Amino acid sequence: MLIAASAIIPVFRFPNWRYFNLSTVLIYPDYFDDDLQFDAQVEGRTIGGLVGTGRFEKQMILSRKALHLGFSNKTDKGNTAIHEFIHLLDKADGVIDGVPSVLLDKQYIIPWLQLVHKEMEAINNDASDIRHYGGTSEIEFLAVAGEYFFERPKLFQRKHPELYNMLALCFSN
């Protein structure tokens, strides 16, 4: 049920949306590492979810712990499963690049990228309450900002009105 909710939240206003780029969701019991190892003896298990590429194309892997935490913590502005489904939305145009091309009219793409770079700079200068992972790349920025947008919309709108308005354009029909 939590996976279904995570899939629906970003596309709720798109009645005919289909995740054509997803065939399988694998649930691991815990966080995992870069080699997809989740055994408790393995160090460096910090990954809560990922959208696969290569031999894992059309697959998503989620940590059960991260999935539950995303819905149980009401104040953290994050949700791993929503984050991964936003990556799939980003990938709907064939590439994960941080530009939600299928959701955003072309005239907004350059303003989107300008805003992304401004906000990433603020994150990387510790001048933003957006999670630091959002400052690592345009790809992660979209997913992290999207988590915040859905998890804490009123706070997000108050602290980041321009970004809120841009994401509202993306996620509304």
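No experiment lies behind these values; they were computed from the predicted model shown.

Novice: Any chance you could break down the overall build of the protein for me, citing the residues and the numbers?
Specialist: Helix and strand counts for the protein come out as seven helices and three strands. Listed by position from the N terminus, the elements making up the protein come as α-β-β-β-α-α-α-α-α-α. For 173 residues, the compact-globule estimate of 2.2 N^0.38 gives 16 Å, and the protein sits close to it at 16 Å. Its C-alpha atoms put the protein at 45 × 35 × 30 Å along the principal axes. Counting every position in the protein, which comprises 173 residues, the buried fraction comes to 44%. Counting only contacts in the protein whose residues sit at least 6 apart along the sequence, the fraction spanning at least 24 positions is 56%. Summed over all atoms, the accessible surface of the protein reaches about 9,400 Å², with 53% contributed by carbon and sulfur. Positive and negative charge centroids in the protein, built from 17 and 22 side chains respectively, lie 8 Å apart.

Novice: Break down the sheet that holds strand E2 (residues 49-51) for me, citing the residues and quoting the values.
Specialist: In space, the three strands of this open sheet follow the order E1-E3-E2, with mixed pairing throughout. The sheet is open, and its two edges are formed by strand E1 (24-28) and E2, each paired on a single side. When the angles between neighbouring strand axes are averaged without regard to direction, this sheet yields 15°. The pairing of E2 with strand E3 (residues 59-63) spans three bridges and is classified as antiparallel. In the strand pairing of E3, Leu50 is matched with Ile61. Here helix H2 (residues 64-72) sits on the sheet and contacts E1 and E3; the angle it forms with E3, its principal contact strand, is near 75°.

Novice: An account of the nonpolar core is requested, with residue identities and associated values reported.
Specialist: Of all hydrophobic cores here, the largest spans 38 residues; its most connected members are Trp112, Phe141, Phe156, Leu163 and Leu167. It is helix H5 (residues 138-151) that contributes the most residues to this core, seven residues altogether. Residue contacts for Phe156: discarding those within four places in its chain leaves Ile130, Ala145, Tyr148, Phe149, Pro161, Leu163, Tyr164 and Leu167. The next biggest cluster of nonpolar side chains, apart from the first, holds five residues, and it includes Phe32, Leu36, Ile47 and Ile61.

Novice: Break down the packing of helix H4 (residues 109-124) against H5 for me, citing the residues and quoting the values.
Specialist: When two helices pack together, their arrangement is given by the angle between their axes and by how far apart the axes lie. As a packed pair, H4 and H5 sit with axes 10 Å apart at the nearest point and diverge in direction by 85°. Taken together, H4 and H5 sit at an angle that is classed as roughly perpendicular. Contacts between H4 and H5 involve Trp112, Val116, His117, Glu119, Met120 and Ile123 from the first element and Glu138, Phe141 and Leu142 from the second. Counted by class, the contact of H4 with H5 contains six nonpolar, one polar and two charged residues.

Novice: Can you tell me about H5, naming the residues and giving the values?
Specialist: Residues separated by three or four positions in an α-helix point in the same direction, a consequence of the helix having 3.6 residues per turn. Here H5 is 14 residues long and its end C-alpha atoms lie 20 Å apart, about the 20 Å a rise of 1.5 Å per residue gives. Within H5, 10 of the 14 residues are buried, leaving the element largely enclosed by the surrounding structure.

Novice: Which residues make up helix H7 (residues 161-171), and what are the values?
Specialist: All of the buried residues in H7 are Leu163, Tyr164, Met166, Leu167, Cys170 and Phe171. Buried residues of H7, viewed axially, fall in a sector of 165°; they line one side.

Novice: Break down the packing of aromatic side chains for me, citing the residues and quoting the values.
Specialist: Here a ring pair, both rings aromatic, is described through the centre-centre distance and the interplanar angle of the planes. The tally for this structure, following the rule as stated, stands at 13 aromatic pairs. A ring pair is formed by Phe150 and Phe171, whose centres lie 4.8 Å apart and whose planes are at 65°; its orientation type is edge-to-face. Placement of Phe150 in helix H5 and of Phe171 in helix H7 is noted, with a sequence separation of 21 residues between them. When the ring of Phe156 is compared with that of Tyr164, the centres are 6.3 Å apart and the planes differ by 55°; the resulting orientation is tilted. Tyr164 carries the same exposure label as Phe156, and that label is buried. Every member of this aromatic cluster is reached through a ring pair, and the members are Tyr148, Phe149, Phe150, Phe156, Tyr164 and Phe171.

Rules of the game
- Residues numbered from 1 in each chain as written.
- Predicted model: local features only at pLDDT ≥ 70, side-chain atom pairs only at ≥ 80, totals over all residues.
- Heavy atoms only, no water.
- Helix = DSSP H or I, 4+ residues; strand = E, 2+ residues; numbered from the N terminus.
- Rg over C-alpha atoms; globule rule 2.2 N^0.38 Å.
- Buried < 20%, exposed > 50% of the residue type's maximum accessible area, 1.4 Å probe, protein only.
- Contact = heavy atoms within 4.5 Å.
- Areas by Shrake-Rupley, 256 points an atom, 1.4 Å probe, with all protein chains shown as cover.
- Lys, Arg positive; Asp, Glu negative; His and termini not counted.
- Charge placed at Lys NZ, Arg CZ, Asp CG, Glu CD.
- Pairing = 2+ DSSP bridges.
- Axes fitted to C-alpha atoms, helices over the stretch in contact; angles between N-to-C directions.
- Core = buried A, V, L, I, M, F, W, Y, C linked by side-chain atoms within 4.5 Å.
- Parallel < 35°, antiparallel > 145°, perpendicular 65-115°, else oblique.
- Nonpolar A, V, L, I, M, F, W, Y, C, P; charged D, E, K, R; others polar.
- Expected span 1.5 Å × (residues − 1).
- Arc of directions from axis to C-beta.
- Phe/Tyr/Trp six-rings, centres within 6.5 Å; stacked < 30°, edge-to-face > 60°.

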